[in-house]
Amino acid sequence: MSQALYRKWRPLGWDEVVSQEHVIQTLKNAVAADRVAHAYLFSGPRGTGKTTAARLLAKAVNCLAEDKTRRPCNQCAHCVAVNENRFMDLIEIDAASNTSVEDVRDLRDKINFAPSQGRYKVYIIDEVHMLSVAAFNALLKTLEEPSSANLLILISSRPDALPLTILSRCLRVRFNPLPEQIMIRVLVEKLGIESQKAALLAALAGGSVKRALEMDDEETVTFRSEVLSLLAAAKNDEPFNLLRLASFLNQGKDKVAVGLEIINSCFRDALVYKETGETRKLINQDKPSLIEAFSRRLSGQELLHNVDVVEEAARNIEHN
């Protein structure tokens with residue numbers, strides 16, 4: 001359900017993309033000047049608009065509007081076809097499930113064909129860092145011999161995992177996490193989420209709209225309760241239930257990252273409460289006793305240290 005909501009909200013024009021002005025202006029200028037590169041690497045955290053921008057670029061380079069500054073127009077036959085997922089010259093590939101060298105060789109063979117419907121045949125390869133070494137070598141041959149009628153857009157949340165030979169042949173475009181206040185506005189105004197809940201989701205999502213929507217379900221509510229109960233046990237010097245802790249850690253990297261953000265939100269709340277004595281600005285407004293207890297028990301310096309430690313752990317998980 002969350003992914004369907006995310007796709008439903010996905011912008012159809014440049015001006016609808018939020019908080020990536022530097023990216024959008026660069027791509028708009030390239031389209032208007034007819035100077036689009038043959039290969040791009042869109043990198044940044046998941047849920048920050050990389051695939052959205054890739055689809056907009058694919059639509060813009062094939063738009064039939066005479067005024068290039070108006071592309072994509074969302075009115076011509078090509079724009080409408082892209083919006084309805086029936087444009088034959090837009091091919092989207094999920095590298096996480098198409099990792100083999102045969103898959104990329106198949107892409108390399110097909111990429112030599114001229115566009116059948118538009119000006120450009122556009123290939124979007126999502127999570128490209130998941131490809132095998134052999135697949136990267138096959139992809140490199142495509143990048144070394146670019147066709148003027150083909151556009152390759154690589155998408156990755158882990159650009160550090162890509163070979164330098166691939167990186168050096170792409171124009172790199174970096175997407176930034178969305179600021180919390182912009183996230184809240186998007187969740188409230190565009191997706192109709194209640195403001196207090198939107199504030200909590202925005203705080204835990206790390207600047208990713210997609211992650212915020214994935215967390216907007218009953219399973220995440222239960223998971224948050226489990227994480228906070230572990231934190232409460234630590235606060236009270238109670239022995240950790242190792243089975244519960246193991247269960248938490250075994251839920252996968254993404255879930256552990258969310259769990260760490262939940263923990264850090266409590267430490268940040270405790271800092272706010274220690275300074276202001278107010279609960280209305282807390283992320284976890286439904287857990288005032290837990291926040292107050294941490295604020296009493298730990299000094300400001302200790303809370304800041306805890307925030308740093310948890311953030312470091314989150315960074316390590318992201319790159320593990």
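The paragraphs below set out a description of the structure included in this document. What you are looking at is a predicted structure, and each value in this text was computed from that prediction instead of being measured. (Residues numbered from 1 in each chain as written. Predicted model: local features only at pLDDT ≥ 70, side-chain atom pairs only at ≥ 80, totals over all residues. Heavy atoms only, no water.)

1. Let's talk about the overall build of the protein chain
Each helix and strand in the protein chain was counted, giving 15 helices and five strands. Summing over all exposed atoms, the protein chain offers an accessible surface of approximately 16300 Å²; the carbon and sulfur share of this is 50%. (Helix = DSSP H or I, 4+ residues; strand = E, 2+ residues; numbered from the N terminus. Areas by Shrake-Rupley, 256 points an atom, 1.4 Å probe, with all protein chains shown as cover.)

2. Considering the sheet that holds strand β3 (residues 121-126)
In a beta sheet, neighbouring strands pair by backbone hydrogen bonds and run either parallel or antiparallel. Read across the open sheet, the five strands follow the order β2-β3-β4-β1-β5; overall the sheet is parallel. Among the strands making up the open sheet, the edge pair consists of β2 (90-94) and β5 (171-174). Ignoring which end each strand starts from, the neighbouring axes of this sheet average 20° apart. Across five bridges, the pairing between β3 and strand β4 (residues 150-156) is parallel. Each residue of the ladder has a partner; that of Lys-121, found in β4, is Asn-150. Most of the contacts of helix α3 (residues 50-62) go to β4, to which it runs at about 170°, and overall it touches β1 (39-43), β2, β3 and β4. (Pairing = 2+ DSSP bridges. Axes fitted to C-alpha atoms, helices over the stretch in contact; angles between N-to-C directions. Contact = heavy atoms within 4.5 Å.)

3. Brief notes about the side chain of Arg-224
Tracing the backbone shows Arg-224 in helix α11 (residues 218-235). Beyond its immediate chain neighbours, meaning those up to four positions away, Arg-224 contacts Leu-200, Ile-262, Asn-284, Asp-286 and Lys-287.

4. With respect to the pattern of salt bridges
Oppositely charged side chains can pair when the atoms bearing their charge come close. Applying the stated criterion to the full structure yields twelve salt bridges. Note that Arg-169 and Glu-144 form a salt bridge whose closest N and O atoms lie 3.6 Å from each other. Of this pair, Arg-169 sits in the loop between α7 (164-167) and β5 while Glu-144 sits in helix α6 (residues 133-144), and the two are 25 residues apart along the sequence. Classification of Glu-144 as partly exposed rests on a relative accessible area of 42%. One continuous salt-bridge network, built from bridges that share partners, spans Asp-34, Lys-68 and Arg-119. (Salt bridge = Lys/Arg side-chain N within 4 Å of Asp/Glu carboxyl O. Buried < 20%, exposed > 50% of the residue type's maximum accessible area, 1.4 Å probe, protein only.)

5. Re the nonpolar core
Core analysis: the biggest nonpolar cluster contains 43 residues, and Met-183, Leu-187, Ile-193, Leu-231, Ile-262, Phe-267 and Phe-294 have the highest contact counts within it. Contributions of two or more residues to this core are made by α8 (180-190), α9 (195-204), α10 (209-215), α11, α13 (253-276), α14 (288-297) and α15 (300-318). No other element matches the ten residues that α13 contributes to this core. Once you skip the residues sitting within four places of it in the chain, Met-183 turns out to touch Leu-178, Ala-202, Ala-205, Gly-207, Ser-208, Val-209 and Ala-212. Counting 29 residues, the second largest nonpolar core, distinct from the first, contains Val-36, Val-61, Val-173 and Phe-175. (Core = buried A, V, L, I, M, F, W, Y, C linked by side-chain atoms within 4.5 Å.)

6. Examining the side chain of Asn-62
Looking at where Asn-62 falls in the secondary structure, it is placed in helix α3. Leaving out residues up to four positions away in the same chain, Asn-62 has contacts with His-78, Phe-87, Gly-118, Arg-119, Tyr-120 and Val-122.

7. So, the packing of aromatic side chains
Following the criterion strictly, the structure yields three aromatic pairs and no others. The interplanar angle of 55° and the centroid separation of 5.3 Å between the aromatic rings of Phe-42 and Phe-175 together place this pair among those described as tilted. With Phe-42 in strand β1 and Phe-175 in the loop between β5 and α8, this pair connects stretches of sequence that are 133 residues apart. For the pair Phe-42 and Phe-175, one class covers both residues: buried. Three or more aromatic residues joined by ring pairs make a cluster, and in this case those are Tyr-40, Phe-42 and Phe-175. (Phe/Tyr/Trp six-rings, centres within 6.5 Å; stacked < 30°, edge-to-face > 60°.)

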